[in-house]
Amino acid sequence: MTLVAFWFVVLAVVWTGFLLLEGFDFGVGMLHGVVGRDEAGRDLAIRSIGPVWDGNEVWLVLAAAGTFAAFPVWYATMFSAYYPVLVVVLVALILRGVSFEFRAHSGSTRARALWSGALTGGSLVVPLGLGILLGGLLAGVPIDSAQEFVGGAGDLFPAYALMTGATVVLVCLVHGAVFLALKTTAALRRRALGIARALAPVVAVVVTGWAAWTRVTAGDGVLLSVAEFGAILAAITAAAFVHVRREGLAFAATATTMAALTTSIFSELYPRVMVSSLGPANDLTTTSTASASYALTVMTVVLAVLLPVVLAYQAWTYHVFRARLRGPARAPEPPPVTSADPG
């Protein structure tokens with residue numbers, strides 16, 4: 001395997017890690033106001049991802065930085081083309097990030113509801129936008145022979161890209177619901193399982209349709225690839241495990257669904273990195289967009305040193321916070337103090 005191919009695989013793995021780990025965070029963020037029917041329940045849902053959500057976003061930073069360093073032409077074309085989408089995603093990420101702290105320290109019900117809305121909206125917009133971006137890489141956007149985007153905002157939303165965004169959101173929802181069922185007890189767990197049981201069959205149908213559309217969009221015939229077939233099988237398996245209330249196995253299946261979904265896109269892309277809707281001659285490829293061999297060699301050494309540290313830290317974090325949450329989300333408010341009437 002050449003260094004260019006190796007770094008394409010690395011970026012595919014990093015994107016997969018981000019959507020797999022942050023995917024359940026997004027799902028919990030979208031669902032926390034539904035499964036938590038009072039402040040204690042909503043707080044408990046948010047606490048389930050509190051120790052890990054910011055660490056999971058490291059993978060998105062790695063994806064962007066890795067693309068910039070390993071494939072600078074791909075980075076330049078993709079970010080200039082999807083600038084409107086990425087700005088919206090960035091704003092949603094910021095609002096979502098600050099909502100955790102601002103909601104926890106808000107003194108009024110109205111303010112807490114406002115920041116809960118920011119958390120819900122941000123958790124929806126980010127996977128939708130990133131799904132549209134990933135789908136657009138395969139569906140194609142107008143790129144000319146100078147490797148520059150020459151279209152408008154409307155060219156960023158082909159039907160397949162929108163379908164990919166919607167599919168990512170739905171998988172995040174069931175992934176988050178199963179995670180909540182795995183991390184909570186009593187009424188919150190029952191409501192999370194109920195949502196997962198309702199969503200999982202729908203997600204299985206949507207993933208099946210998306211996988212078939214992916215194969216057609218890639219132009220590789222009608223037989224599904226291993227990754228696409230794996231996505232369908234994992235989604236069906238998740239629905240089956242949710243139905244029998246085996247949330248641990250169901251979570252593994254939803255994680256596999258998300259990983260297979262991302263792998264399908266990147267495997268169908270290779271050796272391209274962006275498809276041009278103006279014709280195959282204008283497609284961006286790994287070799288035409290990659291950095292020099294020396295730069296890739298240095299990056300490989302840095303990756304070998306830093307990646308084990310990131311993996312070890314995240315594994316330790318998940319190990320420490322592996323237990324179910326059983327206590328109240330926040331201390332009950334003390335009763336108002338009234339002074340006795342001396343008379």
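This one's a predicted model, so the numbers in the text were calculated from it and none came from an experiment. Positions within a chain are numbered from 1, following the residues in the order the chain's sequence is written. Only residues with pLDDT of at least 70 get local features here, since the model is predicted, and only at 80 or more are side-chain atom pairs given and counted; chain-wide, interface and lining totals rely on the full set of residues. Neither water nor hydrogens contribute to the side-chain values; these are computed over all heavy atoms in the structure.

## Things to note about the side chain of R96
- Runs of E in the DSSP output that reach at least two residues are strands. Runs of H or I that reach at least four are helices, and both are numbered from the N terminus. Mapped onto the fold, R96 is located in helix α6 (residues 83-104).
- Relative accessibility decides the category of a residue: with a 1.4 Å probe and only protein chains considered, values under 20% of the type maximum give buried, values over 50% give exposed, and everything between is partly exposed. For R96, a relative accessible area of 0% puts it in the buried group.
- The term polar contact refers here to a pair of N or O atoms within 3.5 Å; inside protein, the definition further demands a hydrogen-donor-capable atom paired with an acceptor-capable atom, and it admits residues adjacent in sequence only when both atoms are side-chain atoms. At 3.3 Å, the side chain of R96 and the side chain of E57 are in polar contact.
- With near-sequence residues (within four places) excluded, R96 lies in contact with E22, D25, F26, I49, W53, E57, A118, L119, G122 and S123. Contacts were defined at the residue level, with two residues in contact if any of their heavy atoms lie within 4.5 Å.

## Comments concerning the packing of helix α1 (residues 3-35) against helix α4 (residues 58-70)
- For helices, the fitted line uses only the C-alpha atoms of the stretch in contact; every axis is such a line through C-alpha atoms, and the angle between N-to-C directions lies from 0 to 180 degrees. Direction vectors running N to C along α1 and α4 enclose 160 degrees, while the axes themselves pass 8 Å from each other. With respect to α4, the element α1 is oriented roughly antiparallel. The way α1 lies across α4 gives a crossing that is left-handed. Contacts from W7, L11, V14, W15, G17, F18 and L21 of α1 reach α4 at W59, L60, L62, A63, G66, T67 and A70. Should an angle fall under 35 degrees it is taken as roughly parallel, and over 145 as roughly antiparallel, whereas 65 to 115 is taken as roughly perpendicular and any remaining angle as oblique. Note on convention: near helix rotated counterclockwise from far helix by under a right angle means a left-handed crossing. Clockwise means right-handed.

## A look at the pattern of salt bridges
- Salt bridge, as applied in this entry: a Lys or Arg side-chain nitrogen positioned within 4 Å of an Asp or Glu carboxyl oxygen. Scanning the model with the defined rule gives 10 salt bridges in all.
- Note that R42 is salt-bridged to E39, the shortest N-O span being 3.0 Å. Of this pair, R42 and E39 both sit in helix α2 (residues 39-47), 3 residues apart, which is roughly one turn of that helix.
- For R42, a relative accessible area of 19% corresponds to the buried category.
- Between R189 and E247 there is a salt bridge, and its shortest N-O distance comes to 2.8 Å. Here E247 lies in helix α11 (residues 247-269) and R189 lies in helix α9 (residues 186-218), a separation of 58 residues in the sequence.
- Residue class for R189 comes out partly exposed when judged on its relative accessible area of 24%.
- By relative accessible area, E247 is classed as buried at 6%.
- Several salt bridges converge on common partners, so that one network encompasses E39, R42, D43, R103 and R112.

On their own, these measurements won't tell you what the molecule is for.
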